[in-house]
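Observations on the model geometry
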Amino acid sequence: MSAPILRRLADLRAATARWRGAGETVAVVPTMGALHEGHLSLVRAAKAGADRVIVTIFVNPRQFDNPDDLARYPRTEQSDAQKLAPFGVDAIYVPDPDQVYPAGFATTVSVTGVSAGLCGAHRPGHFDGVATVVAKLFLQTGAELAYFGEKDFQQLMVVRTLARDLDIAVRIIGCPTVREADGLALSSRNVRLPEQARAAAPALYAALSGAAAAIRAGAGIEGALATARAQILAGGYDSVEYLELRAAATLAPLAVLGEPARLLAAAHLGDVRLIDNVPVIPA
Ligand code: PAF
């Protein structure tokens with residue numbers, strides 16, 4: 001059976017108050033819709049972790065630094081609801097815009113440190129927009145558990161930091177990236193890849209995996225990153241926006257592999273920007 005679609009905060013609060021009154025735990029899976037198997041893996045994890053699961057669908061204008069990107073973002077509410085039907089989620093919260101940003105809304109949540117560099121350097125205001133909407137969704141749902149994909153690793157760190165710093169009583173659970181058989185990380189942007197670009201797209205993960213293995217085996221970081229960059233471009237990408245090794249716990253730049261790390265990249269295929277990352281664990 002399809003879950004109820006709630007568009008007003010009062011309706012969401014009425015539902016969560018009933019569940020909490022019955023002593024049930026609540027999980028939230030925040031999304032912007034255009035659901036794919038990556039999102040559904042979060043829903044599966046949430047169903048296993050809590051009594052009640054809310055999936056939120058809200059294309060958050062405040063996290064888009066490019067108006068064209070916002071306009072092009074797929075809006076597929078009906079098919080999203082169909083995809084969620086087999087999971088038995090308890091509510092799909094698709095807030096009307098004024099339920100998130102009412103007239104006169106004047107607050108921005110800005111997380112420093114982990115939001116610096118990487119996507120933060122190339123998408124001005126993006127993480128402020130993410131942090132602001134995620135803080136609102138945490139407070140509106142009152143969820144004890146929240147599920148995010150590791151594909152957006154920097155976003156996951158921003159969200160963990162905001163929950164910790166604002167004393168929001170929610171446990172953030174990061175879930176592994178889901179990939180196509182050829183290694184391409186699932187993303188709502190993949191549908192915008194023309195055939196030739198789609199064929200080239202796995203080069204990003206292949207290059208990251210190769211560099212991670214080389215660094216783990218003792219190769220110099222600079223050389224491994226230069227090789228990976230060349231492989232991404234040779235594989236058909238037009239440009240590499242960033243490719244960096246960072247500490248997994250803090251996202252601080254790393255010159256040597258002295259602690260668990262993450263290799264993160266963003267690259268462009270035509271007008272589609274793809275991001276990916278892989279763990280690099282010291283031997
Ligand atoms: O990852 C996303 O889909 C979005 O950034 C999120 C977390 C739902 C906030 O709008």
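Owing to the predicted nature of the structure, the values given are computational and were not obtained by experimental measurement.

Quick look at the packing of aromatic side chains
Scanning the entire structure with this criterion turns up four aromatic pairs. Taking 6.1 Å as the distance between ring centres and 55° as the angle between the ring planes, the aromatic pair formed by Phe58 and Tyr101 counts as tilted. Of this pair, Phe58 sits in the loop between strand S3 (52-57) and helix H3 (67-72) while Tyr101 sits in the loop between helix H5 (97-100) and helix H6 (119-122); the two residues are 43 residues apart in sequence, bridging distant segments of the chain. What makes Tyr101 buried here is its relative accessible area of 14%. Here a set of aromatic residues connected by ring pairs shows up, and it is made of Phe58, Tyr101 and Phe105. The positively charged end of Arg179 is found above the aromatic ring belonging to Tyr205, 3.6 Å away from the centroid.

Regarding helix H1 (residues 9-21)
Its 13 residues place the ends of H1 18 Å apart at the C-alpha level, agreeing with the 18 Å of an ideal helix rising 1.5 Å per residue. Along H1, the positions that sit buried rather than exposed are Leu9, Leu12, Ala15, Thr16 and Trp19. Seen along its axis, H1 keeps its buried residues to an arc of 130°; they face one direction. Seen from the buried face of H1, the exposed residues on the opposite side, beyond 90 degrees, are Ala10, Arg18 and Gly21.

Some points on the sheet that holds strand S2 (residues 26-31)
Working definition: the strands of a sheet are paired by backbone hydrogen bonds and lie parallel or antiparallel to each other. Spatially, six strands are ordered S1-S4-S3-S2-S5-S6 in an open sheet, and the strand pairing comes out parallel. The outermost strands of the open sheet, each flanked by one partner alone, are strand S1 (5-6) and strand S6 (171-175). By the bridge criterion, two bridges tie S2 to strand S5 (residues 145-149) in an arrangement that is parallel. When the bridges of S5 are listed, Val28 appears paired with Ala146. Sheet contacts for helix H2 (residues 37-49): S2, S3, S5 and S6; angle to S5, the most-contacted strand, approximately 155°.

Focus: the site of the ligand
By nearness alone, every residue bordering the ligand is listed as Pro30, Thr31, Met32, Asn60, Gln63, Val133, Phe148 and Gln155. Within the side chain of Gln63, an N or O atom sits 2.6 Å from an oxygen atom of the ligand. Within the side chain of Gln155, a nitrogen or oxygen atom sits 2.7 Å from an oxygen atom of the ligand. Contact with the protein chains covers 89% of the free accessible surface of the ligand, which is 290 Å².

Section: the sheet that holds strand S8 (residues 261-269)
The strand order S7-S8-S9 describes an open sheet built from three strands, whose pairing is antiparallel. Lying at the two open borders of the sheet, with one neighbouring strand each, are strand S7 (239-247) and strand S9 (272-280). Averaged over all pairs of adjacent strands, the angle between their axes in this sheet comes to 15°, without regard to strand direction. Bridge count between S7 and S8: eight bridges; the pairing is antiparallel. Of the residues in S8, the one forming a bridge with Val240 is Ala267. Here helix H11 (residues 221-234) sits on the sheet in contact with S7 and S8, set at roughly 150° to S7.

Here we look at unusual backbone geometry
Positive phi is not limited to glycine here, since Ala34 has a value of about 50°. Of note, Ala34 is situated in the loop between S2 and H2. Under the relative-accessibility criterion, Ala34 is labelled buried at 13%. Even without glycine at this site, Leu118 takes up a positive phi of about 50°. Looking at where Leu118 falls in the secondary structure, it is placed in the loop between H5 and H6. The exposure class of Leu118 is buried, given its relative accessible area of 1%.

Each value, and the rule that gives it
- Residues numbered from 1 in each chain as written.
- Predicted model: local features only at pLDDT ≥ 70, side-chain atom pairs only at ≥ 80, totals over all residues.
- Heavy atoms only, no water.
- Phe/Tyr/Trp six-rings, centres within 6.5 Å; stacked < 30°, edge-to-face > 60°.
- Helix = DSSP H or I, 4+ residues; strand = E, 2+ residues; numbered from the N terminus.
- Buried < 20%, exposed > 50% of the residue type's maximum accessible area, 1.4 Å probe, protein only.
- Lys NZ or Arg CZ within 6 Å of the ring centre and 35° of its normal.
- Expected span 1.5 Å × (residues − 1).
- Arc of directions from axis to C-beta.
- Pairing = 2+ DSSP bridges.
- Contact = heavy atoms within 4.5 Å.
- Axes fitted to C-alpha atoms, helices over the stretch in contact; angles between N-to-C directions.
- Near = heavy atom within 4 Å.
- Polar contact = N/O pair within 3.5 Å; in protein donor to acceptor, adjacent residues only side chain to side chain.
- Areas by Shrake-Rupley, 256 points an atom, 1.4 Å probe, with all protein chains shown as cover.

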